[in-house]
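Residue-level structure breakdown
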Amino acid sequence: MTSLRRLNTSTLASLTAAGLPDAVRAPAPLDRTAAPGIVHLGIGAFHRAHQAVFTEAAAAATGDDRWGIVGVTQRSAGVRGQLAPQDGLYGVLGLSDGETRLDLVGQVRDVLFPAEQTADVLAAIAAPTTHVVSLTVTEKGYRRAAGGGPDLADAALAFDLEVLSREIDGAADAAVTSRSAVGLLLRGLAHRWHGGGQPVSVVVCDNLMDNGPQVEALVHAIVDASPAAGAASLGDWLRASVAFPATMVDRIVPATTDAHRATASALLGASDAGLVVAEPFMQWVIQDRFAGPRPAWEEAGAQLTEDVSAYEHTKLRILNGTHSALAYLGALRGHALIADAVADPDLHAFARALIDEDAIPSLGSVEEIDLAAYRESVLERFANAAIGHTTVQIAMDGSQKLPIRFLATAQDRLAAGAVPHAMARAVAAWMLYVRATTAGELEVAGRRVELDDPLAARLGGLAVGPMEGLADRLVSGSGIFPAALAGDDRFRDAVRSAVDDLQGATV
Ligand code: CS2
């Protein structure tokens with residue numbers, strides 16, 4: 001148990017008075033008593049290392065203290081337990097091979113755990129002083145079917161649709177907890193609609209293609225599926241008063257370890273249960289389409305633009321696609337870190353081939369970005385061993401990530417008449433990863449790896465059995481391959497031969 005004092009407003013004041021090390025940046029001396037203007041669903045490490053940092057820097061630059069954050073957790077009260085005793089304060093430990101920084105963030109005003117505080121979450125989303133509702137709930141938080149619409153067969157979403165319908169008709173019990181992030185979002189919006197319907201902007205910060213408009217369409221499809229008498233009116237209000245700007249978010253944020261906490265405590269002179277870790281690089285490109293006020297994020301370096309798509313597609317296909325490919329290939333080779341995988345000559349060469357032969361050609365002409373320079377910056381970022389980003393962390397939720405990171409690229413290459421051999425190899429690596437983890441045969445850094453995926457049962461059932469036919473069983477039965485791809489013999493042949501090649505090699 002550490003003997004250090006815990007970070008909070010009082011200890012920060014005394015540490016600041018005693019003089020903080022140059023590597024530590026205290027939060028801006030703002031009033032921080034104004035009503036919070038942001039509700040964020042999914043206050044995990046990525047939000048705390050990305051949007052909250054931009055919001056802190058914007059507040060520091062402008063002195064505008066309307067943009068406190070009410071964070072909403074998902075599955076556990078863990079983050080509430082970390083931040084509440086710290087008056088919402090936490091640090092972001094920035095690590096690269098040459099530099100260590102600790103930036104303290106003071107924007108979080110409250111953290112709510114829906115399973116115990118649904119009424120408070122709904123009130124926060126409905127509050128007139130709330131102008132932004134943002135989300136980082138990961139790809140699976142949206143409960144989408146393969147085609148992108150709502151998966152109404154999903155038990156959590158089906159439950160939430162019933163709760164939403166009662167909310168729309170003013171008969172919901174606030175003690176009943178929504179079971180999906182998108183269900184909680186919609187319920188909060190319905191609550192806001194009932195409470196006067198002030199305009200609000202929903203800022204999706206997840207790695208989805210065309211994320212804002214995609215979630216807007218998802219939200220409307222769910223409302224349209226509601227039998228509630230007021231559903232059509234809610235839909236009209238959403239169209240008139242709620243903006244869903246697209247965004248591209250980028251910062252590599254590994255899981256926090258005890259070693260990270262020790263480094264931060266030694267720097268700060270206090271313990272920080274809410275510490276998050278990140279690379280120095282961060283980027284946020286936001287479609288300038290808001291229904292009301294927003295923080296001056298551009299004062300913190302965010303880019304506001306009419307069209308985010310080039311930035312989104314480039315990032316999701318080059319960075320995230322290569323990230324996932326290196327995660328599966330690296331884990332199959334026993335590499336614990338992405339930095340180890342990208343240092344592996346065979347995998348480094350493969351990463352370049354994936355980017356140059358499939359990802360970049362699939363993007364078409366991109367005026368805004370120097371794609372060769374982007375490739376080099378991504379590979380350099382991946383080589384940052386100091387953050388300790390593990391292959392297994394990135395390998396999780398493959399069923400939700402593959403359609404965006406591999407399959408869309410493969411489809412575009414096939415449509416252009418090319419066979420995406422590199423992407424097919426990445427898909428094959430995922431298949432072998434599913435098979436090895438399901439069978440309990442994969443060890444990385446001395447630890448057996450389990451398949452961490454919302455579809456683990458289905459995928460595992462398809463992956464075990466004879467190696468012969470593995471590719472066809474997963475392409476046909478997983479539900480994640482679009483019909484156009486599943487029906488394309490060029491793709492299937494490429495994946496089959498990649499599986500044969502990989503299972504023979506150690507790659
Ligand atoms: C990673 C992303 O875990 C993963 O799937 O590929 O979290 C990645 O680190 C971020 O998108 C980088 O911006």
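Up top is the structure these notes are about.
Please read these numbers as outputs of a predicted model, since none were measured by experiment.

With that settled, consider the packing of aromatic side chains. Under the definition given, this model contains 6 aromatic pairs. Here the aromatic rings of Phe481 and Phe491 are separated by 6.1 Å at their centres, their planes lie at 50 degrees, and the arrangement is tilted. Separated by 10 residues along the polypeptide, Phe481 in the loop between helix H19 (470-477) and helix H20 (483-486) and Phe491 in helix H21 (residues 489-504) bring together distant segments of the chain. Assessed through its relative accessible area of 7%, Phe481 is described here as buried. One aromatic cluster is present, formed by Phe54, Trp284, Phe290 and Trp297 through successive ring pairs. Positioned above the aromatic ring of Tyr90, the side-chain terminus of Arg48 is 5.5 Å from the ring centre. Above the face of the Phe159 ring, Arg179 is positioned so that its terminal group lies 3.6 Å from the ring centre.

A word on the side chain of Gln400. By the element assignment, Gln400 lies in helix H16 (residues 398-415). Exposure remark for Gln400: the relative accessible area of 19% places this residue in the buried category. Polar side-chain contacts of Gln400 include one of 2.9 Å to the side chain of Ser399.

Let's shift gears to the nonpolar core. Ranked by internal contacts, the top residues of the largest apolar core, which has 90 residues, are Trp430, Met431 and Phe481. For this core, the element with the most residues is helix H17 (residues 421-438), which contributes 13 residues. Of the residues that make up this core, three or more belong to each of domain 1 (9-305) and domain 2 (309-503). When near neighbours in sequence (up to four residues on either side) are disregarded, Met431 contacts Leu470, Ala471, Leu474, Val475, Phe481, Val495 and Val499. Val121, Leu157, Val219 and Ile404 belong to the second-largest nonpolar core, a separate cluster that totals 44 residues.

Turning our attention to helix H9 (residues 231-241). For H9, the full list of buried residues reads Ala231, Leu234, Gly235, Trp237, Leu238 and Ser241. Buried residues of H9, viewed axially, fall in a sector of 160 degrees; they line one side. The exposed set on the far side of H9, more than 90 degrees from its buried face, consists of Ala232, Arg239 and Ala240. On its buried face, H9 sits against helix H6 (155-168), helix H7 (181-194), strand S8 (200-204), helix H8 (211-224) and strand S9 (242-243).

Quick look at the environment of Val79 now. Along the chain, Val79 falls in helix H4 (residues 78-83). With 194 residues separating them along the chain, Val79 and Ala273 place their C-alpha atoms 8.7 Å apart.

What follows deals with the site of the ligand. Around the ligand, a shell composed of 13 residues is seen, among which Asp250, Lys315, His323, Lys401 and Arg405 lie nearest. Measuring from an oxygen atom of the ligand, one finds a side-chain N or O atom of Asn320 at 3.0 Å. At 2.8 Å from an oxygen atom of the ligand is found a side-chain nitrogen or oxygen belonging to His323. Protein burial of the ligand: of its 340 Å² of free accessible surface, 89% is covered by the chains. Elements represented by at least two residues in the shell around the ligand include exactly strand S10 (247-250), helix H11 (309-332) and H16. In terms of residues, the shell around the ligand owes the most to one element, H11, which gives 4 residues. Grouping the amino acids of the shell around the ligand by side-chain chemistry returns 4 nonpolar, 4 polar and 5 charged. Taken together, domain 1 (9-305) and domain 2 (309-503) each give at least three residues to the shell around the ligand, which thus spans both.

Contact geometry of H7 with H9 gives a least axis separation of 11 Å together with a crossing angle of 90 degrees. Between H7 and H9, the angle is such that the two are roughly perpendicular. Taken together, the residues of H9 that come into contact with H7 (itself represented by Leu186, Leu189, Ala190, Arg192 and Trp193) are Ser233, Leu234, Trp237 and Leu238. Class assignment of the residues belonging to the contact of H7 with H9 gives a composition of 7 nonpolar, 1 polar and 1 charged.

Turning to the pairing of strand S4 (residues 90-95), a few remarks are in order. The buried fraction of S4 amounts to 6 of the 6 residues, a majority that puts the element mostly inside the structure. Hairpin connection from S4 to strand S5 (residues 100-105): 4 residues lie between these consecutive antiparallel strands. Summarising the sheet, S4 and strand S11 (residues 276-278) pair through 3 bridges and their orientation is parallel. Opposite Leu93, over in S11, you have Val277 as the bridge partner.

Let us look at H7. Look at H7: 20 Å from first C-alpha to last across 14 residues, which is about the 20 Å you get at 1.5 Å a residue. Most of H7 is tucked away, with 12 of its 14 residues classed as buried. Trailing H7 by a residue or two, Gly196 shows a phi angle of about 125 degrees, which is positive.

Enumeration over the complete set of coordinates arrives at 27 salt bridges. Residue Asp346 is joined to Arg333 by a salt bridge in which the shortest nitrogen-to-oxygen separation is 2.7 Å. With Asp346 in helix H13 (residues 345-363) and Arg333 in the loop between H11 and helix H12 (338-343), this pair connects stretches of sequence that are 13 residues apart. What makes Asp346 partly exposed here is its relative accessible area of 45%. Through salt bridges with shared partners, a single ionic network connects Arg352, Asp356, Arg375 and Glu376.

A few words now on unusual backbone geometry. Although it is not a glycine, Arg32 sits at a positive phi angle of roughly 60 degrees. Tracing the sequence through the fold places Arg32 in the loop between strand S1 (24-25) and strand S2 (38-41). Since its relative accessible area comes to 18%, Arg32 is described here as buried. Positive phi, normally seen in glycine, also occurs at Asp210, with a value near 55 degrees. Structurally, the position occupied by Asp210 is in the loop between S8 and H8.

Along the chain, Ala264 falls in helix H10 (residues 258-268). Residue Ala264 is classed as buried on the basis of its relative accessible area, which comes to 5%. Once the C-alpha coordinates of Ala264 and Gly91 are considered, the two residues, 173 residues apart in sequence, prove to be 7.9 Å apart. Not counting the four nearest positions on each side in its chain, Ala264 is found in contact with Leu93, Leu102 and Leu275.

About the cut-offs
- Residues numbered from 1 in each chain as written.
- Predicted model: local features only at pLDDT ≥ 70, side-chain atom pairs only at ≥ 80, totals over all residues.
- Heavy atoms only, no water.
- Phe/Tyr/Trp six-rings, centres within 6.5 Å; stacked < 30°, edge-to-face > 60°.
- Helix = DSSP H or I, 4+ residues; strand = E, 2+ residues; numbered from the N terminus.
- Buried < 20%, exposed > 50% of the residue type's maximum accessible area, 1.4 Å probe, protein only.
- Lys NZ or Arg CZ within 6 Å of the ring centre and 35° of its normal.
- Polar contact = N/O pair within 3.5 Å; in protein donor to acceptor, adjacent residues only side chain to side chain.
- Core = buried A, V, L, I, M, F, W, Y, C linked by side-chain atoms within 4.5 Å.
- Domains from an automatic or database assignment.
- Contact = heavy atoms within 4.5 Å.
- Arc of directions from axis to C-beta.
- Near = heavy atom within 4 Å.
- Areas by Shrake-Rupley, 256 points an atom, 1.4 Å probe, with all protein chains shown as cover.
- Nonpolar A, V, L, I, M, F, W, Y, C, P; charged D, E, K, R; others polar.
- Axes fitted to C-alpha atoms, helices over the stretch in contact; angles between N-to-C directions.
- Parallel < 35°, antiparallel > 145°, perpendicular 65-115°, else oblique.
- Pairing = 2+ DSSP bridges.
- Expected span 1.5 Å × (residues − 1).
- Salt bridge = Lys/Arg side-chain N within 4 Å of Asp/Glu carboxyl O.

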